[in-house]
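Analysis of the macromolecular model
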Amino acid sequence: MFPKGTKRKFSDSGEEAVSSGDQGPASPSVAARTLSSSYSLQRQSLLDMSLIKLQLCHMLVEPNLCRSVLIANTVRQIQEEMTQDGTWQIMTQALAAAQCPTDRLVATEVLCRQTDAAAQAGQSPKPYSVVGVEEGYHSEEVVMEGDVETDVTMSTLSPVSPQLSSASYLAGPFGMGPCWEEEEEDGECEEEEEEDSEECVSEGEEGDGDHLSADSRTGEQVFGTFEIKHPAPPPDPALEELFSDVDPSYYDLDTVLTGMQSAPKMGPYDLLDSLSSHGPTALSSSSSCRSDLNELDHIMEIIVGS
Amino acid sequence: NVSFLQFLLLTADIISTVEFNQSGELLATGDKGGRVVIFQQEQESKNKLQCRGEYNVYSTFQSHEPEFDYLKSLEIEEKINKIRWLPQKNAAHFLLSTNDKTIKLWKISERDKRPEGYNLKEEDGRYRDPNTVTTLRVPVFRPMDLMVEASPRRVFANAHTYHINSISVNSDCETYLSADDLRVNLWHLEITDRSFNIVDIKPANMEDLTEVITAAEFHPNQCNTFVYSSSKGTIRLCDMRAAALCDSHAKLFEEPEDPNNRSFFSEIISSISDVKFSHSGRYMMTRDYLSVKIWDLNMESRPVETYQVHEYLRSKLCSLYENDCIFDKFECCWNGNDSVVMTGSYNNFFRMFDRGYQQDMTLEASRENSKLRSVLKPRKVSTGGKRKKDEISVDSLDFNKKILHTAWHPLDNIIAVATTNNLYIFQDKLN
């Protein structure tokens, strides 16, 4: 079969990144495959675009599974090619080198941005996905420990609470929040919820990219947004208990995207999913959002008992 | 060569599905707001301009409401993904309509008489004073203004974790299938609390997921046969007699990739957005992003015919990926005798391919460019450097104006074309 790198063609139009087209039977030599910087730039740009697409998801409606799978396959394809070229290793090494420890959570930044958007919409500045998180997380606990429920939910209500962090960004490529399986798969579901929360408290890779702007096209910046920050110490022992058994090495983006982890508890979709940000446009785009925000506020009031 | 007359029928919420019934007398549309609007063709018109009746609104009803999944904290859209008519058995009409999660069977019936002359009630419904009732009479039916009622007869819920993309009524008229991204379920029309799972492609680990189901349909004549298409450009034909779970296909239709055209977007554009059997049952048609392919059910290795819908987009795939247009799901349809196929494109263009004459035509559905009841002019997109007069250049195409849903009358040359907000009916001009 043809080696993958030989068949690409650059588009004529300058604004486009990698495009399709045929190159004809290009030289199969390795030299031809140590690609021109223009091609790798285009390929990198396509990778960035794809990762951002996987990140930015609709807040209230489950995103399209087909689209997510196709984008993820594209990412995988690029990553495979980059691994063959050796560029992948270079990039991950560069990222590892570019870490600066910080106490701030990436997601907190976005959380605040989202809070602004919600405030603009005239609603209470609670990220409403938190409701789903709480209800999902504590579905078991709610049933068994009614007393604990109020405490736990109250402690996680504050909008800038660090332990919410990436757990509050539910809607990933497969939809879903902490619990995107059917009811019969509850065990798996809860495990995933735990993973999501665990990311907040574990030490994962650290980066500095605190902005999730779609304009940032360099690999570092994009990959930086996936880094998990070291958070403030978790206030709730109950939550910590949930997070106790996750393998922190899993949050290596490398292993995530190549799926090389031997016994992964979360798939790449879940990781991207829990790290996803939500542009304000998703909030304000639908008028039904407001009624749902009202609805959710109402629910929160009931739960909190205010 | 046929010329078409255009009628504009409806300006609505975003139209999400269009379907003629088996006789062509009724045309159903579903929209993003969960509404179904049914049009009925008038009886033969005495007007000499057209020998066929016009379509007028027959019934409108709210099929699905938005729901909120509290467990996942996600909204379930009320948008109608598909409508399929059941073959008519009596005076009433039945259709299945589905959103992402729930399928409903609706009965549409006419009422043109009402009983009058009750003994205990006045005509307005008030109860009569028993003392005034001195004689007994039998109520009689009197004509009234026609009323069309739609009532939900069955609700088939809670069988799909993922979003339903297709429903298809079996030729046995007793069962139907519903397909979501990962599973296909078989239902009996009378039974709502149970369905049989007949295809399941969900991997044990969701992170291993690389392929989803995009469409499914029953064979028009063989009640044991159905097909489902995938995001990797394959179609699997399954025989329900072989096993209860049809995970292993009887036939796999797949065209080998053209190595010259390979790119990072190859897989995405090979994803099949629609699959339709021909009326004869001998062929099936698939729509992927750039082309329409006709397959002979007896040959799995490659399609027998391939038609390029908008090949000029091949060099724009990166931009179309960026603005998500590359994920648009276009549908396709056959005409009544399987000689012509039709599908939509951008800029409110739609394309027809005549299989017999090997000709194709591009038409536009637009209020501005055509007056009602005028003859449609064929369009052309200029691909080369020089743009002729009346041609449109690729860069000036409006990618927000897309025709995803089209339908062809099963017996006549009447087509229904949905732009984002408008429904157009085109009839060929009889001279």
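Everything numeric here is computed off the predicted structure, so don't read it as measured data. (Residues numbered from 1 in each chain as written. Chains lettered and ligands numbered in written order. Predicted model: local features only at pLDDT ≥ 70, side-chain atom pairs only at ≥ 80, totals over all residues. Heavy atoms only, no water.)

Helix and strand counts for chain A stand at 15 helices and two strands. When the 306 residues of chain A are sorted by exposure, 55% land in the buried category. Considering only contacts in chain A between residues 6 or more positions apart, those separated by 24 or more positions represent 75%. (Helix = DSSP H or I, 4+ residues; strand = E, 2+ residues; numbered from the N terminus. Buried < 20%, exposed > 50% of the residue type's maximum accessible area, 1.4 Å probe, protein only. Contact = heavy atoms within 4.5 Å.)

Within chain B, the secondary structure is distributed over two helices and 32 strands. Per-residue burial over chain B gives 55% buried out of 431 residues. Residue pairs at least 24 apart in sequence account for 54% of intrachain contacts in chain B once pairs closer than 6 positions are excluded. When the accessible area of chain B is evaluated, it comes to approximately 19500 Å², of which 47% is carbon and sulfur surface. (Areas by Shrake-Rupley, 256 points an atom, 1.4 Å probe, with all protein chains shown as cover.)

With that settled, the discussion passes to the pattern of salt bridges. This structure, assessed with the given rule, holds 28 salt bridges over all chains. B:Asp112 is paired through a salt bridge with B:Lys113; the nearest N and O atoms lie 3.2 Å apart. Judged by relative accessible area, B:Asp112 falls into the partly exposed class, the value being 36%. When salt bridges that share partners are traced, they join A:Arg43, A:Glu81 and A:Asp85 into one network. (Salt bridge = Lys/Arg side-chain N within 4 Å of Asp/Glu carboxyl O.)

All names here are of chain B. Strand order in the open sheet formed by four strands is E24-E25-E26-E27, and the pairing between neighbours is antiparallel. Edge positions in the open sheet fall to strand E24 (332-334) and strand E27 (359-364), since each of these has one partner strand only. In this sheet, neighbouring strand axes are inclined to one another by 20° on average, regardless of whether the strands run parallel or antiparallel. Direction of pairing for strand E26 (residues 349-354) relative to E27: antiparallel, over a ladder of six bridges. Of the residues in E27, the one forming a bridge with Phe 350 is Leu 363. (Pairing = 2+ DSSP bridges. Axes fitted to C-alpha atoms, helices over the stretch in contact; angles between N-to-C directions.)

Residues and elements named next belong to chain B. Read from one edge to the other, the open sheet built from four strands follows the order E2-E3-E4-E5, with strand pairing classed as antiparallel. Across the chains shown, the open sheet's two edge strands, defined by having one partner strand only, are strand E2 (15-20) and strand E5 (55-62). Strand-to-strand twist in this sheet, taken as the mean axis angle between neighbours without regard to direction, amounts to 20°. Pairing between strand E4 (residues 35-41) and E5: seven bridges, direction antiparallel. When the bridges of E5 are listed, Val 36 appears paired with Phe 61.

What follows is about the side chain of B:His409. Residue and element names in this part refer to chain B. Take His 409: it is sitting in the loop between strand E30 (405-408) and strand E31 (414-418). Given the relative accessible area of 4%, His 409 is considered buried. Polar side-chain contacts of His 409 include one of 3.1 Å to the backbone nitrogen of Asp 412. (Polar contact = N/O pair within 3.5 Å; in protein donor to acceptor, adjacent residues only side chain to side chain.)

The next subject is the packing of aromatic side chains. All names here are of chain B. Here the structure, examined in full by the defined rule, presents 17 aromatic pairs over all chains. With 5.0 Å between their ring centres and 25° between their planes, Tyr 307 and Phe 353 make a pair best called stacked. Of this pair, Tyr 307 sits in strand E23 (residues 305-308) while Phe 353 sits in strand E26; the two residues are 46 residues apart in sequence, bridging distant segments of the chain. Phe 353 carries the same exposure label as Tyr 307, and that label is buried. Connected via pairs of aromatic rings, a cluster forms that spans Tyr 289, Phe 330, Tyr 346 and Phe 399. The ring of Tyr 118 carries Lys 121 above its face, with NZ or CZ at 5.5 Å from the centroid. (Phe/Tyr/Trp six-rings, centres within 6.5 Å; stacked < 30°, edge-to-face > 60°. Lys NZ or Arg CZ within 6 Å of the ring centre and 35° of its normal.)

This part covers the environment of B:His405. Residues and elements named next belong to chain B. Here His 405 shows up in strand E30. Sequence-wise, His 405 and Ile 15 are 390 residues apart; in three dimensions their C-alpha atoms are separated by 8.2 Å. When sequence neighbours within four positions are dropped, the list of residues in contact with His 405 reads Ile 15, Ser 16, Thr 17, Val 18, Glu 331, Ala 416, Val 417 and Ala 418. Within the structure, the side chain of His 405 is placed 3.1 Å from the backbone oxygen of Ser 16, a separation counted as a polar contact.

Turning our eyes to something else, we now look at the pairing of E23(B). All names here are of chain B. Every second residue of E23 is oriented toward a common face, the buried set being Glu 305 and Tyr 307 and the non-buried set Thr 306 and Gln 308. In terms of strand pairing, strand E22 (residues 291-296) meets E23 through four bridges, oriented antiparallel. Paired with Lys 293 across the strands is Thr 306, a residue of E23.

Residues in a regular strand project their side chains so that they alternate between the two faces of the sheet. Residue and element names in this part refer to chain B. Most of E2 is tucked away, with six of its six residues classed as buried. The sheet contact formed by E2 and strand E3 (residues 26-31) spans five bridges and is antiparallel. Residue Phe 20 lies in a different strand from E3, and its bridge partner there is Leu 27.

Before going further, it helps to spend a moment on the nonpolar core. Nonpolar side chains in soluble globular proteins tend to be buried together. Counting residues in each nonpolar core, the largest one holds 46 residues, and the members touching the most others are A:Leu47, B:Tyr289, B:Leu313, B:Leu320, B:Tyr321, B:Ile326 and B:Leu397. Mapped by element, the contributors of at least two residues to this core are helix H2 (37-55), helix H3 (65-85) and helix H4 (87-97) of chain A together with helix H1 (266-270) and helix H2 (317-322) of chain B. Counting residues per element, this core draws most heavily on H3(A), which supplies nine residues. Apart from residues lying up to four places away in sequence, B:Leu397 is in contact with B:Tyr312, B:Asn347, B:Phe349, B:Val381 and B:Ile392. (Core = buried A, V, L, I, M, F, W, Y, C linked by side-chain atoms within 4.5 Å.)

Here we take up the confidence of the model for chain A. All names here are of chain A. For chain A, the mean per-residue pLDDT works out to 50, and 19% of the residues sit at or above 70. Element-level pLDDT for chain A is lowest in helix H6 (residues 129-137), with a mean of 32, against a maximum mean of 93 in H3. A low-confidence stretch, residues 100-235 (pLDDT under 50), is modelled with 290 contacts involving residues beyond four sequence positions or located in other chains. pLDDT under 50 marks residues 239-287. Its contacts with residues more than four places away, or in other chains, come to 116 contacts. (pLDDT = per-residue confidence, 0-100.)

Residues and elements named next belong to chain A. Spanning 21 residues, H3 covers 30 Å between terminal C-alpha atoms, matching the ideal 30 Å at 1.5 Å per step. The buried count for H3 comes to 17 of 21 residues, which makes it a mostly enclosed element. A distance of 3.0 Å separates the backbone nitrogen of Cys 66 from a side-chain oxygen at the start of H3, and that oxygen is part of Asn 64. Phi turns positive, to about 90°, at Gly 86, one or two residues after H3. (Expected span 1.5 Å × (residues − 1).)

Let's shift gears to the packing of H3(A) against H4(A). Residue and element names in this part refer to chain A. Where H3 contacts H4, the axes come no closer than 5 Å and their chain directions differ by 95°. As the angle between them shows, H3 and H4 are arranged roughly perpendicular. Across the interface between the two elements, Gln 79, Met 82, Thr 83 and Asp 85 from H3 touch Thr 87, Trp 88, Gln 89 and Met 91 from H4. Taken together, the residues that form the contact of H3 with H4 break down as three nonpolar, four polar and one charged. (Parallel < 35°, antiparallel > 145°, perpendicular 65-115°, else oblique. Nonpolar A, V, L, I, M, F, W, Y, C, P; charged D, E, K, R; others polar.)

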